[in-house]
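Tertiary structure, described
Now for the letters of each chain:
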Amino acid sequence: MTEYDAKGLLAAVAAELADIRAGVDEAGGLVSELLRLAPPEQRLTFLTRMQAFDVLSQRVDALSGLAGALAADQPMDTALAALPLAEMADRLREMSFRVKPLSSDAAPVAAPVAAVSGDLLLFD
């Protein structure tokens, strides 16, 4: 795969993820409407479970932004640092900066990890 192909693919992935986010948001709206119809004693339980939709939406949005940033030639460490969800950024950074040893005797060398902060926004 050429660099041009990779950029085009990343841009397409970013667009797909943005479309998925819109679908997740619509489903979250439907769940909100159904929550209003739930018996009062069950609303708190359903509300807590409904927050999963918001988390999914934020994760998809973050991945869309990351793919778009990489497609626009942003350096990987910069694109990862811009992720709004710190735990996701940490997971992706850990996976992306792993270096394979040069020989079977050599220990793996990890790239330095930059500090990142982020907040999970519920019902933004």
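Some thoughts on the pattern of salt bridges
Scanning the model with the defined rule gives four salt bridges in all. For Arg-21, the salt bridge identified is with Asp-61, shortest N-O distance 2.9 Å. Residue Arg-21 is found in helix H1 (residues 3-37), and its partner Asp-61 is found in helix H2 (residues 40-71); the two are separated by 40 residues along the sequence. Exposure remark for Arg-21: the relative accessible area of 24% places this residue in the partly exposed category. On the basis of relative accessibility, which here comes to 39%, the residue Asp-61 falls in the partly exposed class. Through salt bridges that share partners, Arg-21, Asp-25 and Asp-61 make up one connected network.

So, a nonpolar patch on the surface
Judged by side-chain polarity, Leu-30, Leu-34 and Leu-37 come together as a nonpolar surface patch covering roughly 340 Å² of accessible area. When you line up the elements, Leu-37 lands in helix H1. Owing to a relative accessible area of 70%, Leu-37 belongs among the exposed residues under this scheme.

Points about the packing of H2 against helix H4 (residues 86-96)
Describing two packed helices takes the angle between their axes plus the distance from one axis to the other. Contact geometry for H2 and H4: axes closest at 11 Å, N-to-C directions at 50 degrees. Here H2 lies oblique to H4, going by the angle between them. You can see that H2 and H4 cross each other, and the crossing is right-handed. Listed contacts from H4 to Arg-59, Ala-62, Leu-63 and Leu-66 of H2 are Met-88, Arg-91 and Leu-92. Here the contact of H2 with H4 is composed, by residue class, of five nonpolar, no polar and two charged.

Some points on the confidence of the model for the protein chain
In regions of low pLDDT, the predicted coordinates are not meant to be interpreted in detail. Predicted confidence across the protein chain gives a mean pLDDT of 80, with 76% of residues reaching 70 or more. By mean pLDDT, the top-scoring element of the protein chain is helix H3 (residues 76-81) (91), and the lowest-scoring one is H1 (88). Contacts from residues 99-117, a stretch scored under 50 in pLDDT, to residues over four places away or in other chains number 14 contacts.

Basis of the calculations
- Residues numbered from 1 in each chain as written.
- Predicted model: local features only at pLDDT ≥ 70, side-chain atom pairs only at ≥ 80, totals over all residues.
- Heavy atoms only, no water.
- Salt bridge = Lys/Arg side-chain N within 4 Å of Asp/Glu carboxyl O.
- Helix = DSSP H or I, 4+ residues; strand = E, 2+ residues; numbered from the N terminus.
- Buried < 20%, exposed > 50% of the residue type's maximum accessible area, 1.4 Å probe, protein only.
- Patch = residues over 30% accessible without salt bridge, like charges linked within 9 Å, V, L, I, M, F, W, Y side chains within 5 Å.
- Areas by Shrake-Rupley, 256 points an atom, 1.4 Å probe, with all protein chains shown as cover.
- Axes fitted to C-alpha atoms, helices over the stretch in contact; angles between N-to-C directions.
- Parallel < 35°, antiparallel > 145°, perpendicular 65-115°, else oblique.
- Left-handed = near helix turned anticlockwise from the far one by under 90°.
- Contact = heavy atoms within 4.5 Å.
- Nonpolar A, V, L, I, M, F, W, Y, C, P; charged D, E, K, R; others polar.
- pLDDT = per-residue confidence, 0-100.

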